[in-house]
Amino acid sequence: MQYLRTPDACFEGLTAYPFKPNYLFVDDFDCGEMRMHYLDEGSKDGEVVLLLHGEPSWSFLYRNMIAPITDKGYRVIVPDLIGFGRSDKPTKRSDYTYQRHLDWLRNILSQLSLENITLVCQDWGGLLGLRLVAEHPDKFARVLAANTMLPTGDHAPGEAFMKWRTFSQEVAEFPVAGIIKGATVTELAPSVLEGYNAPYPSEEHKAGVRQFPLLVPITTDDPQTENNRAAWQTLKRFSKPFLTAFSDSDPVTAGGNKIMQKLIPGTQGQSHTTITNGGHFLQEDQPQQLAQVLLQFINDNPISTD
């Protein structure tokens, strides 16, 4: 497996992203070790809040939520998935699979020895994060799901997703910042758009972001259908606090919150909310509102010391 590493110079000048980079190495039998980037902010003794991004964003997406959370004493971990952000990027699209993304991301839990995690997941952050919750429920104390789902292929994904999937494969030049812009409801400054483009100085760097839409299970013969079905069986027994905070303007994931509230026991009795004036990337549209929802959720559901 061959991979690229985005030059550090591409990230210089991102004034809204003043965070120190951290790296760990993930092993793959085909390529040896690759470097995965993550942010590690706040008190090292604080409860862990794990923020997972999706497609085609990176940890930059959460930049405006980090300070409100760390100011309350929490430790915030924000990884860049392999192929995204400051993490290494395999050059062949076939090198990216759902299972490999899970295995790469699992290193964040194991190498950093994270416990009692509060997970915040959006988009592919949920497709990966909810699988990790199902496979390692003892490591997670709470879950906040925003504009995401764990599909099995048993139900049609909807017209909005299929249009996006087709566009992602047919567009000649994959417009990372343009996709973010098109899925928000607020006007994004040029510096913000530059931030989303920063990890991808060439099309060769975009194999991962181009492949992700094809990895979503949309039929029952998908390689991950059975694994996601099994994950749902665990989630149907997951009684730890689980909150949905979907936005009001995302046609792709609309209704997913109701499914989670119906099937996951931990959702019962929680103050589920709708983030107003938020598109698919609600962290970009309403970061302060989402951060406050998260902090209230944590405060309302303290970890038991029994």
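Below is a short write-up of the structure. Fair warning: this is a prediction, and the values are worked out from it, not measured in the lab.

**Observations regarding the overall build of the protein**
Reasoning step 1: Of the regular secondary structure elements, the protein holds 11 helices and 10 strands.
Reasoning step 2: Computed over the C-alpha atoms, the radius of gyration of the protein is 18 Å, within 12% of the 19 Å expected from 2.2 N^0.38 for a compact globule of 306 residues.
Reasoning step 3: Projecting the C-alpha coordinates of the protein onto the three principal axes gives extents of approximately 50 × 45 × 40 Å.
Reasoning step 4: Within the protein, residue pairs in contact and separated by at least 24 positions form 77% of the contacts whose partners lie at least 6 positions apart.
Reasoning step 5: Summed over all atoms, the accessible surface of the protein reaches about 12600 Å², with 49% contributed by carbon and sulfur.
Reasoning step 6: Mean positive and mean negative side-chain charge positions of the protein (27 and 37 charges, respectively) differ by 2 Å.

**What about the pattern of salt bridges?**
Reasoning step 1: One pass over the structure, following the stated rule, counts 16 salt bridges.
Reasoning step 2: Taking the shortest distance from any N to any O, the salt bridge between D95 and R100 comes out at 3.9 Å.
Reasoning step 3: Each of D103, R106, R131 and E135 takes part in salt bridges that share partners, so that together they form one network.

**Thoughts on the pairing of strand β4 (residues 48-52)**
Reasoning step 1: Counting buried positions over the five residues of β4 gives five, a clear majority of the element.
Reasoning step 2: A two-sided burial pattern is seen for β4, the buried positions comprising V48, L50 and L52 on one face and V49 and L51 on the other.
Reasoning step 3: Relative to strand β5 (residues 75-79), β4 runs parallel, the two sharing three bridges. If you follow V48 over to β5, its bridge partner there is R75.
Reasoning step 4: Handedness of the crossover is the feature at issue here: the chain leaves β4, passes through helix α1 (residues 63-70), returns alongside β5, and the resulting connection is right-handed.

**Some remarks on the packing of α1 against helix α11 (residues 287-300)**
How two helices pack is summed up by the angle between their axes together with the distance between the axes.
Reasoning step 1: Packing of α1 against α11 leaves a shortest axis separation of 9 Å and a crossing angle of 35°. The chirality of how α1 crosses α11 is right-handed. Contacts between α1 and α11 involve N64, M65, P68 and I69 on the former and, on the latter, P287, Q288, L290, A291, Q292, L294 and L295.
Reasoning step 2: Looking at the contact of α1 with α11 residue by residue, the classes come out as eight nonpolar, three polar and no charged.

Here is what the cut-offs are and how they apply
- Residues numbered from 1 in each chain as written.
- Predicted model: local features only at pLDDT ≥ 70, side-chain atom pairs only at ≥ 80, totals over all residues.
- Heavy atoms only, no water.
- Helix = DSSP H or I, 4+ residues; strand = E, 2+ residues; numbered from the N terminus.
- Rg over C-alpha atoms; globule rule 2.2 N^0.38 Å.
- Contact = heavy atoms within 4.5 Å.
- Areas by Shrake-Rupley, 256 points an atom, 1.4 Å probe, with all protein chains shown as cover.
- Lys, Arg positive; Asp, Glu negative; His and termini not counted.
- Charge placed at Lys NZ, Arg CZ, Asp CG, Glu CD.
- Salt bridge = Lys/Arg side-chain N within 4 Å of Asp/Glu carboxyl O.
- Buried < 20%, exposed > 50% of the residue type's maximum accessible area, 1.4 Å probe, protein only.
- Pairing = 2+ DSSP bridges.
- Right-handed = clockwise from strand over helix to strand, strands pointing away.
- Axes fitted to C-alpha atoms, helices over the stretch in contact; angles between N-to-C directions.
- Left-handed = near helix turned anticlockwise from the far one by under 90°.
- Nonpolar A, V, L, I, M, F, W, Y, C, P; charged D, E, K, R; others polar.

Shape descriptors only; they carry no functional weight alone.
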